[in-house]
Amino acid sequence: MKLRRCTTVMFEPREEVSLGLQAILAGRAEVTTKTTWLALAAHLDQAVPVSVAQRELLGALSSRQWTESSDMVATQADQDALLEAGLLISDSDEHAAHRQRDEGMRDGHWWPLAALVHRHARWSGVNSAAQMRDSTMLTAKDLRRQLGAPPPVVQPHPGTYQPLPAVNATGYDQLLERRATCRNFDVARSIDQAQLAQLLQRTVMAQAVVQVEADTAFLKKNVPSGGGLHPTETYLLVQRVEGLAPGLYHYHPVQHALVTLPRHCDRPLQDVAEAMLSGQDWFSNAAAHLVLVPRFARTNWKYRNHAKAYRALLLDVGHLSQALYMAATEAGLAAFVTAAINEIDTEAVFALDGVTQSPVAIVGVGWRSDTLDTAEFDPNKVVWP
Ligand SMILES: Cc1cc2nc3c(=O)[nH]c(=O)nc-3n(C[C@H](O)[C@H](O)[C@H](O)COP(=O)(O)O)c2cc1C
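The residue numbering used here restarts from 1 in each chain and proceeds along that chain's sequence as written. For a predicted model such as this one, the threshold for reporting local features is a pLDDT of at least 70, and the threshold for listing and counting side-chain atom pairs is 80 or more; totals across whole chains, interfaces and linings nevertheless cover every residue. In computing side-chain values, all of the structure's heavy atoms are included and hydrogens and water are not.

1. Remarks on the packing of helix 9 (residues 193-203) against helix 13 (residues 309-330)
Helix axes are fitted only over the stretch in contact, all axes being lines through C-alpha atoms; the angle between N-to-C directions runs from 0 to 180 degrees. Strands are runs of DSSP state E lasting at least 2 residues, helices are runs of H or I lasting at least 4, and numbering of each runs from the N terminus. Closest axis-to-axis distance for the helix 9/helix 13 pair is 9 Å, and the angle between their directions is 140°. In terms of orientation, helix 9 and helix 13 fall into the oblique class. Considering how the two elements wind past one another, helix 9 and helix 13 form a crossing that is right-handed. Residues L199, R202 and T203 of helix 9 touch helix 13, and the partners they reach there are L320, A323, L324, A327, A328 and E330. The cut-offs work like this: below 35 degrees is roughly parallel, past 145 is roughly antiparallel, 65 to 115 is roughly perpendicular, and the gaps in between are oblique. Helix crossings are classified by the rotation of the near helix relative to the far one: an anticlockwise turn of less than a right angle makes the crossing left-handed, while a clockwise turn makes it right-handed. The contact definition used throughout considers only heavy atoms, calling two residues in contact when any of these lie within 4.5 Å.

2. Regarding the nonpolar core
Residues belong to one nonpolar core when they are buried, are Ala, Val, Leu, Ile, Met, Phe, Trp, Tyr or Cys, and are joined through side-chain atoms within 4.5 Å. For each residue, the accessible area found with a 1.4 Å probe, counting protein chains only, is set against the maximum for its type, and the residue is called buried under 20%, exposed over 50%, and partly exposed in between. The biggest cluster of nonpolar side chains holds 55 residues, and the ones touching the most others in it are I191, L196, L237, F350 and V365. Top contributing element to this core by residue count: helix 13, with seven residues. The residues touching I191, leaving out its near neighbours within four places in the chain, are L196, R240, V241, E242, A287, L333, V365, G366 and W367. Residues L3, A39, L57 and L88 belong to the second largest nonpolar core, which totals 17 residues.

3. Here we look at the sheet that holds strand 6 (residues 88-90)
Strand order in the open sheet made by the three strands is 5-1-6, with antiparallel pairing throughout. Edge positions in the open sheet fall to strand 5 (67-68) and strand 6, since each of these has one partner strand only. Bridging between strand 1 (residues 2-5) and strand 5 involves two bridges; their strand directions are antiparallel. Looking at the pairing, K2 lines up with E68 of strand 5. With respect to the sheet, helix 3 (residues 76-85) is in contact with strand 1 and strand 6, its orientation differing from that of strand 6 by roughly 85°. Lying on the sheet, helix 4 (residues 96-107) is in contact with strand 1 and strand 6; it crosses strand 6 at an angle near 110°. For two strands to be treated as a pair, DSSP must find at least two bridges joining them.

4. Let's talk about the pattern of salt bridges
For side chains bearing opposite charge, pairing can occur when the charged atoms are close. Whenever a carboxyl oxygen of Asp or Glu lies within 4 Å of a side-chain nitrogen of Lys or Arg, that contact is scored as a salt bridge. Tallying each qualifying case throughout the model produces 12 salt bridges. For D45, the salt bridge goes to R119, with nearest N and O atoms at 2.8 Å. With D45 in the loop between strand 3 (31-41) and strand 4 (48-50) and R119 in helix 5 (residues 112-120), the pair connects residues that are 74 residues apart, well separated along the chain. The partly exposed category is assigned to D45, whose relative accessible area is 31%. In this structure, the salt-bridge partner of D281 is R133, at a minimum N-O distance of 3.3 Å. Residue D281 is found in helix 11 (residues 281-284), and its partner R133 is found in helix 6 (residues 128-134); the two are separated by 148 residues along the sequence.

5. Re the packing of helix 2 (residues 52-60) against helix 3
Following both chains from N to C, one finds helix 2 and helix 3 inclined at 75°, their axes separated by 10 Å at the closest point. As the angle between them shows, helix 2 and helix 3 are arranged roughly perpendicular. Of the residues in helix 3, those touching helix 2 at A53, Q54, L57 and L58 are D78, A81 and L82. Here the term charged refers only to Asp, Glu, Lys and Arg, the term nonpolar to Ala, Val, Leu, Ile, Met, Phe, Trp, Tyr, Cys and Pro, and the term polar to all other amino acids, Gly among them. Split by residue class, the contact of helix 2 with helix 3 holds five nonpolar, one polar and one charged.

6. Things to note about a negative patch on the surface
Taken together, the side chains of E68, D71, D91 and D93 present a region of like negative charge at the surface. In this fold, E68 is placed in strand 5. For E68, a relative accessible area of 33% puts it in the partly exposed group. Note that patches include only residues with greater than 30% relative accessible area and no salt bridge, and the join distances are 9 Å for like charges and 5 Å for nonpolar side chains (Val, Leu, Ile, Met, Phe, Trp, Tyr). Computed with the Shrake-Rupley method and a 1.4 Å probe, the accessible areas treat only the protein chains shown as cover for residues. None of His or the chain ends enter the tally, which takes Lys and Arg as positive and Asp and Glu as negative. A charged residue contributes its charge at one atom only: NZ of Lys, CZ of Arg, CG of Asp or CD of Glu.

7. Some remarks on the site of the ligand
A molecule or strand has a residue near it when one of that residue's heavy atoms lies within 4 Å. Taken together, R179, A180, T181, R183, Q280, W282, F283, V337, T338, A339, A340 and F377 make up the full set of residues near the ligand. Residue V337 places a main-chain N or O atom 3.4 Å away from a nitrogen atom belonging to the ligand. In isolation the ligand has 620 Å² of accessible area, and contact with the protein removes 58% of it. Every element with two or more residues in the shell around the ligand is listed here: helix 11 and strand 15 (334-338). A per-class count over the shell around the ligand returns seven nonpolar, three polar and two charged. Counted as a polar contact is a pair of N or O atoms within 3.5 Å, where, for protein atoms, one must be capable of donating a hydrogen and the other of accepting one, and residues adjacent in sequence contribute only when both atoms are in side chains.

8. Concerning the pairing of strand 14 (residues 288-294)
Extensive coverage of strand 14 is indicated by the burial of seven of its seven residues. Residues A288, L290, L292 and P294 of strand 14 are buried on one face, and the alternating residues H289, V291 and V293, pointing to the opposite face, are buried as well. The sheet contact formed by strand 10 (residues 232-238) and strand 14 spans seven bridges and is antiparallel. Bridging from a neighbouring strand, L236 pairs with L290 of strand 14. Across five bridges, the pairing between strand 14 and strand 16 (residues 361-366) is antiparallel. Bridging across to strand 16, V291 finds its partner in I362.

This is the structure we're talking about:
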């Protein structure tokens, strides 16, 4: 059997601090620390504890060239443990799953730190809403009480600030003012298919296709995109859209069309949405959810192992979400965006592999309810007069 190290792995000395029980019983507060070496690999969802010998073994191996396992200076137990964990990659069928994920990462041309950030920030089964409730971190006053004062809203520079003229408001200013994150959707009211179509047409639809070669095309959209690559796909979870069966869809930005996707579980759609939204029930009953899913290889095709590629990708998703907010607001609808999502659960819903495609944010749209149950931020009383 031939072996190599996985493509991207970094090691963290993680320190755990605990209070010594014996000392507490003896009335002393004695802090003990324990350091464990963790291997963070870009193709694995979890950090893997490793011994110093295992860490050294990985450091001595190439990620590109195979080594015969019989030539390795390592105990069988260490080899087996690292193979099992996926940190060592082998050419055998038995370890094909780890090898394929590792090759997927390698072929994705990731900048290593970005690959690790994305992979290890993904959640599964997190209930951020329950965590907020349990820690009583719900209101701004709660935050202040528990965290102290935040840094000030502005950090002025020394000197005299020169006042700028207040320019008369136009319709665009009024539209901007009406945008507020919606946490109260009207569950009795559907949106029209035409409203959803308009929203997609204004934001994620291709306004032009520029064919550079037979196999190379670029899209023009109403939102900017790093490198003009528009890597972000739109997946939909539709609950209340007149003329569209509730379910899962993928949007085709060139055809301006939706295709139905298979459902892999029979849980009610609102429960599926709530799980994706890490328990945020104030968002889960939107009429439609748009899951924004970059295809990393499209950006990394141009920006190979590039330190800014992932940043550009995240900024793209930010532009998309603001464009969706504005398009929804103009149409009289309400919207939200959240990055507090269970990426791993969302990948399972839409059968995404999490290596080549993985969600970054979810936007929801629908009619706003007449009653304010969950707080919205509307200090100028534009939305809730
Ligand atoms: C990247 C991003 C993530 C957000 N995540 C959440 C979230 O998880 N839950 C939530 O209730 N609001 C979320 N929001 C909405 C913000 O709380 C909201 O934008 C902010 O309070 C200002 O209110 P406004 O959008 O109405 O002006 C998010 C907004 C952004 C831009």
